[in-house]
Amino acid sequence: MSCHPSFERLRSRPIAGLSIDVQEYRHLKTGALHYHLAADSPENVFLLALRTPPNDSRGAAHVLEHAVLCGSERYPVRDPYFLMRKRSLATYMNAFTSADWTAYPFASQNHKDYFNLLDVYLDAVFFANLNPLDVAQEGHRLALNDAGQLEHRGVVFNEMKGVFNGRVSSHWATLCKYLFPTTAYRFVNGGDPAEIPDLSHEQLLAFYRAHYHPSNALFMSYGNLPVVELQQRIDQQALCRFESRPPVASFGELEQRYRAPIAAQERVAVEGAGSVSHQTHHLLAWLLGPSTDLLHLLEAHLLSRLLFQDSAAPLLHALETTELGSAPSPLCGLEDGNLEISFVCGIQGSDPELADAFESLVLSTLQTIAEQGVAKQQLEAVLHQLELDQRQASDDSYPYGLQLILSALPAALHLGVDGGRDPAELLDLEPVMVQLRAAIEDPQYIKTLVRQRLLENNHRVRLSLLADVDLNQRRQHDDQAQLRQLLDSLSKQQYQDVIDQAAALEARQDQPQDTEVLPRLSLQDIPADLKVPQAREDEAVFGMPLSCFEQGSNGLVHQQLVIEMPYLEEELLQWLPYYTACLTQLGCGPRDYRQQQAWQSSHSGGIHASTNVRGSLLDVQQVTGHLTLATRGLANHHRALTELLYQTLTDVRFDEYQRIRDIVAQKRLAADAYVMDSGHILAKRTASSGFSPAATLTHQLSGLRGIQSMRALDERLRGTSDEGPMMEVIAEKLRCIHRRVLAAPKQFLWVGEKASLAQQRQDLVDIWQGFDAGGFGEFRPLQLPPVSQQVRQVWTTDTQVNFCAIAFPTVAIDHPDAAALHVLGELVRHEYLHPVVRERGGAYGSGCSQDSNIGAFRMCSYRDPRSVGTLEDFGGVCAWLDSTTLTRNQLNDAILAVISYMDKPVSPDNDAKQVFHNGLYGRTTEQRKGFRERILAVSCTDLVRVRETYLLPERASLAVISQSSDEIVAWAGEQTFEIMRL
């Protein structure tokens with residue numbers, strides 16, 4: 001294991017179960033640590049992390065995360081980060097601020113690209129320009145609006161307004177004030193919108209100088225790149241210019257413990273008007289000690305899963321079935337990314353006076369376990385789930401190597417302060433899993449764990465979050481009053497300074513940049529081949545096709561039952577989301593839902609049902625759809641997995657009325673959170689909902705219309721009896737859908753390692769031999785009527801930020817213009833929307849893309865302080881395109897962005913699944929290769945043509961999610977928008 005002369009080797013640790021060798025190095029001059037996870041993987045990952053514990057909630061670390069990526073010593077352009085995103089084949093690029101650290105990760109399969117990105121990231125972090133105007137743009141600033149009133153602007157300011165708009169994020173921030181009363185975790189490292197405006201440029205510079213130093217940094221990498229080459233670049237481009245110094249002193253402090261549990265109340269904003277009945281959120285939380293000890297950490301996970309794994313788990317069952325509230329809190333579980341582990345349980349949809357009863361319910365449930373223990377079978381099921389998580393290569397939200405890095409990062413940062421134990425221990429789970437398997441043989445083990453970690457742990461907080469429907473309005477009123485008072489107090493010079501800063505920022509944003517100082521890839525750097533796994537078409541099982549993919553799966557097998565979507569009348573279609581939710585969460589045959597979920601957990605990673613509807617290759621009005629039942633598990637559980645799929649389909653019972661009501665309530669609360677977290681997606685779905693049957697269905701089932709219907713259903717069910725006629729009507733709707741599904745054509749998908757394939761086929765034959773689809777009636781395929789209409793809607797809700805979208809009807813994937821539309825989407829996103837909507841408008845994000853499954857070209861904004869102005873900016877895209885002479889570099893950058901997305905690697909099992917499901921809709925390997933070739937052949941002339949053909953203002957559909965203000969209501973009325981209340 002050689003290294004660059006500027007580094008010294010400390011140790012290495014092979015981890016066979018992950019096929020990696022964790023190598024630890026120290027930079028001789030600065031003391032910076034470098035952990036390299038050597039692996040036979042072409043997707044190389046890099047992450048640079050800094051210890052950034054806050055000392056207030058003004059968000060200095062978060063503003064710096066943005067501002068350092070706005071120009072540096074070697075790359076003095078305004079936004080090198082966003083410029084590199086369009087001239088790179090990166091499979092991942094990001095930066096994020098955690099509770100006490102900041103990280104800058106990226107990944108690429110192209111070596112040239114990898115080192116291009118490395119140079120830009122190193123220079124940005126250690127030699128940032130931090131221009132005051134860039135900080136004002138990204139952080140916060142005062143500005144005059146069109147009415148001459150002061151207002152706060154800034155990307156981070158608006159991002160955090162959106163974050164605090166979400167209940168989960170704001171509830172967690174409130175809880176941390178009480179759970180961590182003395183350490184940095186009591187502050188909001190991302191920044192509290194109420195405090196961000198207090199952050200000065202001088203304070204930001206001081207924070208940068210104190211924290212952005214190699215001695216306070218940690219480098220981590222993954223992949224097959226030679227470590228010597230990587231370390232040479234790190235040293236030459238950055239570290240050689242620094243000397244050693246102590247890391248941040250306040251990092252890694254343990255929380256002082258309460259001598260007795262505490263109880264607190266806070267008011268939180270909720271939607272609606274009038275009664276706040278059943279809108280209180282109660283939480284009970286503990287600190288469980290350091291997260292840097294793997295045994296201690298896995299014991300905490302064991303405890304959390306035992307209590308919350310599924311509806312058979314005792315604490316989750318208690319929270320799901322109690323009349324004290326409507327559903328468990330989404331915060332239930334562990335937070336292990338901080339120095340100390342937090343354990344949280346809670347209930348939502350409650351009332352303030354029920355706090356004592358809630359706490360008694362939780363503690364009595366824990367006391368029962370401490371006295372009686374749990375069945376060994378339950379513990380084995382929990383360990384089984386932990387092993388599944390360890391073996392699952394990736395969920396593809398992050399590159400696999402980055403997931404491993406992030407798993408070890410908190411411990412590496414905290415242990416690195418004093419050079420303690422090897423952080424690689426946190427990746428090598430198997431030795432500790434052996435200890436846990438032995439520990440559960442002792443009947444006293446779990447009893448002791450519950451007593452010591454929870455019942456006898458005095459660092460316990462009970463927090464009641466009381467609903468206040470007027471809180472956001474009062475906050476907004478108070479903020480506006482303070483701004484009016486500030487405006488009145490400004491001197492003439494201060495007033496002019498605000499005007500001058502706005503003019504200077506606008507001039508800087510409009511100033512041409514020499515972007516050629518940044519490295520870039522060319523189209524010649526794009527790999528010629530599209531690597532696609534091939535299916536083995538096995539002999540059908542009783543007329544049901546079997547497709548097998550032999551993929552490396554780390555000892556797991558993945559099974560799916562894929563069912564062609566049957567015809568459903570309109571009154572049945574609306575129940576489809578409830579059907580897919582209930583299908584896998586109800587009992588089967590003699591087992592009630594708790595017994596069924598316990599059986600699932602003992603043998604699988606659970607079972608999931610989903611639906612997919614797409615337009616055809618040439619006509620988005622012609623749709624087909626499929627329902628998929630999916631599960632995964634250890635290879636030696638293959639027969640149980642097959643039985644699970646069979647039983648779920650053939651023996652599901654729809655007579656558990658209370659369970660159905662609970663599922664509806666839980667779906668409603670999840671949908672409420674989704675509005676605040678993913679409003680841009682909902683706005684896009686709404687804007688394009690009139691373009692195709694699939695788009696209409698998505699809007700009605702999982703879009704704003706579906707959420708509106710779900711809320712109404714949940715409200716109706718709250719006042720009904722479990723045995724009432726309404727529940728029987730709902731159950732009969734679900735049974736009717738199920739009979740249609742049973743009659744539909746089916747096929748199997750199997751992904752795993754070759755050794756278990758033969759036995760898997762035999763399992764299918766043994767278990768499915770008695771099934772007869774013909775016994776459930778005649779099958780009719782899904783049919784949806786053609787759709788073609790414009791949408792102009794404003795959806796109002798209780799939000800501090802806006803989500804805006806515009807959509808134009810276009811074409812299907814195999815139309816000759818589809819490739820050019822995909823490239824145009826990337827061009828508009830990077831060249832127009834980013835500077836106009838994000839930089840000038842202050843939205844946290846913006847996007848543009850062509851969706852050929854529904855025939856829609858869509859633009860959107862995310863966590864946007866504006867609504868009307870953003871829609872006007874959307875409308876200006878045509879004029880911008882018409883007045884812009886596109887360059888070859890702009891075209892190449894857009895093509896690179898499309899290819900990067902198309903070629904993004906996924907885990908082996910998901911790669912196979914994507915190939916299979918794409919094939920169901922005609923997206924074969926040959927079709928995908930042909931489309932990729934058409935992308936590479938797109939010209940500037942093609943972009944002009946498709947803009948003139950499809951981006952016609954008179955054909956645009958618009959959608960906005962906003963607050964119900966007089967301004968937006970008046971504007972919507974003038975513009976003939978339909979106003980909808982969510």
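Residues numbered from 1 in each chain as written. Predicted model: local features only at pLDDT ≥ 70, side-chain atom pairs only at ≥ 80, totals over all residues. Heavy atoms only, no water.

1. Side note on the packing of aromatic side chains
Under the definition given, this model contains 27 aromatic pairs. Residues Phe106 and Tyr114 carry aromatic rings whose centres are separated by 5.2 Å and whose planes lie at 65° to one another, so their mutual orientation is edge-to-face. Considering the side-chain rings of Trp286 and Phe343, the 5.7 Å spacing of their centres and the 50° angle between planes classify their relative orientation as tilted. Taken as a pair, Trp286 in strand E12 (residues 280–290) and Phe343 in strand E15 (residues 340–350) lie far apart in primary sequence, 57 residues in all. For the pair formed by Trp286 and Phe343, the shared burial category is buried. These aromatic residues form a ring-pair network of at least three members: Phe46, Phe106, Tyr114, Phe115, Tyr121, Phe126, Phe127, Phe219 and Phe242. The ring of Tyr567 carries Arg780 above its face, with NZ or CZ at 4.1 Å from the centroid. (Phe/Tyr/Trp six-rings, centres within 6.5 Å; stacked < 30°, edge-to-face > 60°. Helix = DSSP H or I, 4+ residues; strand = E, 2+ residues; numbered from the N terminus. Buried < 20%, exposed > 50% of the residue type's maximum accessible area, 1.4 Å probe, protein only. Lys NZ or Arg CZ within 6 Å of the ring centre and 35° of its normal.)

2. Remarks on the state of the cysteines
Applying the stated criterion across every chain yields a total of zero disulfides. The cysteine Cys940 is free of any disulfide, with Cys848 supplying the nearest cysteine sulfur at 16 Å. Assessed through its relative accessible area of 22%, Cys940 is described here as partly exposed. (Disulfide = S-S within 2.5 Å.)

3. Observations regarding unusual backbone geometry
Most peptide bonds take the trans configuration, and most residues that are not glycine carry a negative phi. For Arg863, which is not glycine, the phi torsion reads 50° and is therefore positive. Inspection of the secondary structure puts Arg863 in strand E26 (residues 856–864). One non-glycine residue, Thr976, adopts positive backbone phi at about 55°. Looking at where Thr976 falls in the secondary structure, it is placed in the loop between helix H35 (966–974) and strand E28 (978–981).

4. Thoughts on the nonpolar core
Counting 84 residues, the largest nonpolar core has Tyr579, Leu629 and Trp768 as the members making the most contacts within it. When residues of this core are assigned to their parent elements, the largest contribution, eight residues, is made by helix H26 (residues 725–743). Excluding residues that lie within four positions of it along the chain, Trp768 makes contacts with Phe542, Met544, Leu561, Thr642, Tyr646, Leu649 and Phe748. Counting residues in hydrophobic clusters, the runner-up holds 59 residues, among them Tyr104, Phe115, Leu204 and Tyr212. (Core = buried A, V, L, I, M, F, W, Y, C linked by side-chain atoms within 4.5 Å. Contact = heavy atoms within 4.5 Å.)

5. Comments concerning the sheet that holds strand E27 (residues 957–962)
Sheet strands associate in pairs through backbone hydrogen bonding, adopting either a parallel or an antiparallel arrangement. Read across the open sheet, the six strands follow the order E25-E26-E24-E27-E23-E28; overall the sheet is mixed. Strands at the two margins of the open sheet, each flanked by one partner only, are strand E25 (845–851) and E28. Here the average twist between neighbouring strands, direction ignored, is 15°. Each of strand E23 (792–796), E27 and E28 touches helix H25 (residues 704–718); the most contacted strand, E23, lies at about 40° to it. (Pairing = 2+ DSSP bridges. Axes fitted to C-alpha atoms, helices over the stretch in contact; angles between N-to-C directions.)

6. Some thoughts on the pattern of salt bridges
A full pass over the atoms with the stated rule returns 52 salt bridges. With its nearest N and O atoms 3.8 Å apart, the salt bridge here joins Glu380 to Lys376. In this pair, Glu380 and Lys376 both sit in helix H12 (residues 376–391), four residues apart, roughly one turn of the helix. Here Lys913 ties to Asp909 by a salt bridge, and the two come within 3.5 Å at their closest N and O atoms. Of this pair, Lys913 and Asp909 are both found in helix H32 (residues 908–920), four residues apart, which corresponds to roughly one turn of the helix. Across the pair, Asp909 and Lys913 agree in class, each one buried. Each of Arg668, Asp672, Arg711, Asp714, Glu715 and Arg718 takes part in one network of salt bridges that share partners. (Salt bridge = Lys/Arg side-chain N within 4 Å of Asp/Glu carboxyl O.)

7. Remarks on the side chain of Lys684
Mapped onto the elements, Lys684 comes out in helix H23 (residues 679–687). Of the buried charged residues, Lys684 lacks a salt bridge, with Asp851 as the closest side chain of opposite charge at 7.4 Å. Setting aside anything within four residues of it in sequence, one finds Lys684 in contact with Ala805, Arg858 and Cys860. (Lys, Arg positive; Asp, Glu negative; His and termini not counted.)

8. Notes on the sheet that holds strand E20 (residues 607–615)
Taking strand neighbours across the sheet as the criterion, the six strands line up as E17-E18-E22-E19-E21-E20 in an open arrangement whose pairing is mixed. At either end of the open sheet lies a strand with only one pairing partner, and these are strand E17 (536–541) and E20. Strand-to-strand twist of the sheet, defined as the mean angle between neighbouring strand axes without regard to direction, takes the value 25°. Examined bridge by bridge, E17 and strand E18 (residues 544–550) share four bridges and lie antiparallel to one another. The partner of Glu537 across the bridge, within E18, is Ser547.

9. A word on the packing of helix H3 (residues 111–126) against helix H8 (residues 227–237)
Running from N to C, H3 and H8 cross one another at 30°; their axes reach a closest spacing of 10 Å. Taken as axis vectors, H3 and H8 run roughly parallel relative to one another. As H3 packs across H8, the resulting crossing turns out to be right-handed. Counted together, Tyr114, Phe115, Leu118, Asp119 and Leu122 of H3 and Glu229, Leu230, Arg233, Ile234 and Gln237 of H8 form the full contact between these two elements. Of the residues contributing to the contact of H3 with H8, the split by class is six nonpolar, one polar and three charged. (Parallel < 35°, antiparallel > 145°, perpendicular 65-115°, else oblique. Left-handed = near helix turned anticlockwise from the far one by under 90°. Nonpolar A, V, L, I, M, F, W, Y, C, P; charged D, E, K, R; others polar.)

10. Considerations on H23
H23 sits mainly inside the fold: seven of its nine residues count as buried. Residues of H23 that are buried include every one of Gly679, His680, Leu682, Ala683, Lys684, Thr686 and Ala687, and no others.

11. Points about the pairing of E27
In terms of burial, E27 is a largely internal element, six of the six residues being buried. The alternating pattern of E27 places Ser957, Ala959 and Ile961 on one face and Leu958, Val960 and Ser962 on the opposite face, and all of these are buried. By the bridge criterion, five bridges tie E23 to E27 in an arrangement that is parallel. Its bridge partner being in E27, Trp795 is matched across the sheet by Ile961. Alignment of strand E24 (residues 802–809) against E27, held across five bridges, turns out to be antiparallel. Note on E27: the bridge partner recorded for Ala805 is Ala959.

12. Describing helix H29 (residues 868–875)
Note: α-helices contain 3.6 residues per turn, so residues at a spacing of three or four share the same orientation. Burial analysis of H29 places six of its eight residues in the buried class, the great majority of the element. Listed in full, the buried residues belonging to H29 are Val868, Gly869, Thr870, Leu871, Asp873 and Phe874. At its buried positions, H29 is contacted by E24, helix H28 (818–840), E26, helix H30 (877–883), E27 and H35.

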